Structures are given as structure tokens and as C-alpha cells.
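Here's the letter readout for the chains.
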Amino acid sequence: MASRPAWTSSTTDLLSIGRVTKAHGLRGEVVVKLWSDLTERLTPGSVLVTARRVLTVEASRPFGDRWIVLFEGVFDRNEAELLRGLELEAEPVEVPGVLWVHELVGATVRDVAGTELGVVAAVEANPASDLLVLEGGGLIPIRFMTERDGDTGALVVDIPEGLLDP
């Protein structure tokens, strides 16, 4: 899972997938920090939404841990500078067998005995293991998740005794 401060758009069903960090060169290219693990988000023809406008990827290439991207209709550095700092959003993508962060938020969490532990309010990036943040403030490392109930969408976790004790 990619880590970032806020996982989903606050106003739509679109997912935040990256941010334009700066202009690059003179021909309208920008540097994009991609938060998504799906690099195909930046293939030519991909449509991305920002707070200001809809952008279509014309070309992209890797640039270290970032991407150089040229959007249709952005022809020079001045236009590219106007995109600086814009968050890029895109439609969710279905990948069989993969559970995305936006699918975890709002899910009920139960232990293996069936006891309800709370509802996921957020997922927090952590170097050892991303954390499920429960509405009551409890933190459960995601590595303790054993399954997702296909009928209810509930997350089943096998946590050590005392993990959620105050």
C-alpha cells in the first residue's frame, strides 16, 4: 500500500493518487509524486482530476522515485507552473485479490472469536505495518488482519491479548 496523509478525496468517490510537485523544463512537463502502486495511472490517455481541471496524460516516464508527465493542453513552463501542488485523483481500480485502503475505512473490525472491536476511521502509514485506526482511537497493525468477510465486509483480526487495553 502506498502511504500518504489522506487516502481518499473528501468530496468525491475518486482516490488521491499523487501530486504535481513542480514544473520540469520548458515544454510543459511536470514532476509527479505518485502515491499509487499502479504506475498505469500515468499511461497516455489516463484521465486525472484536480481541484482546478481535468487532465489527460499525453506522455510520462519514470524519474527516480517520481514521474515526468506531460498533460494534454499544457504547452509551456508557465502553464506547468500553474499545476504545481495540485493533488491528482482518479477512479478506483478493481484488482482481483487486492484490498485497497479506501475499502478498509468504514469497515467493522472483529476478532477471531467474533467480538466487535470497532470501526476503521483511517489507515495510518507506519514503517513496521500500516495501522487500522479505530473510531475509538485504538490502533491495530494491519498485519494482524486474517480475512475480510465476503458477506458483511467486516475485517477479522487475530490480535495479541491486551493490544487494545487502555
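As the structure is a prediction and not an experimental result, all values here were calculated from the model.

Colleague: An account of the overall build of the protein chain is requested, with residue identities and associated values reported.
Modeller: Within the protein chain one finds 2 helices and 12 strands. Ordered by position in the sequence, the α and β elements of the protein chain form the string β-β-β-β-β-α-β-α-β-β-β-β-β-β. Taken along the three principal axes of its C-alpha coordinates, the protein chain extends 60 × 30 × 25 Å. Burial status across the protein chain gives 38% buried among its 166 residues. Residue pairs in contact within the protein chain that sit at least 24 positions apart in sequence constitute 49% of those at least 6 positions apart. Carbon and sulfur atoms provide 51% of the accessible area of the protein chain, an area that totals close to 9,400 Å².

Colleague: Which residues make up the sheet that holds strand β7 (residues 108–111), and what values do they have?
Modeller: Taking strand neighbours across the sheet as the criterion, the 6 strands line up as β10-β9-β8-β7-β12-β11 in an open arrangement whose pairing is mixed. In this open sheet, the two edge strands, each paired with only one partner strand, are β10 (139–141) and β11 (145–148). Between one strand and the next, the sheet's axes are offset by a mean angle of 40°, whatever the strand orientation. Pairing analysis gives 3 bridges linking strand β9 (residues 131–134) to β10, with the strands arranged antiparallel. Looking at the pairing, L131 lines up with P141 of β10.

Calculation notes
- Here the residue numbers are simple positions, counted from 1 along each chain's written sequence.
- In keeping with the predicted nature of the model, local features appear solely for residues at pLDDT of at least 70, side-chain atom pairs appear and are counted solely at 80 or more, and the whole-chain, interface and lining totals rest on all residues.
- Hydrogens and water molecules were not included; the side-chain quantities draw on all heavy atoms of the structure.
- Strands here are runs of E lasting at least two residues and helices are runs of H or I lasting at least four, both read from the DSSP assignment and numbered beginning at the N terminus.
- Classification of residues uses two cut-offs on accessible area relative to the type maximum, computed with a 1.4 Å probe and protein chains only: under 20% is buried, over 50% is exposed, and between them is partly exposed.
- Residue contacts are defined here by distance: any two heavy atoms, one from each residue, within 4.5 Å place the two residues in contact.
- Each accessible area is a Shrake-Rupley estimate made with a 1.4 Å probe; only the visible protein chains count as cover when residues are assessed.
- Pairing between two strands requires that DSSP report at least two bridges joining them.
- To define axes, lines are fitted to C-alpha atoms, for helices over the stretch in contact only, and angles between the resulting N-to-C directions are given on a 0 to 180 degree scale.

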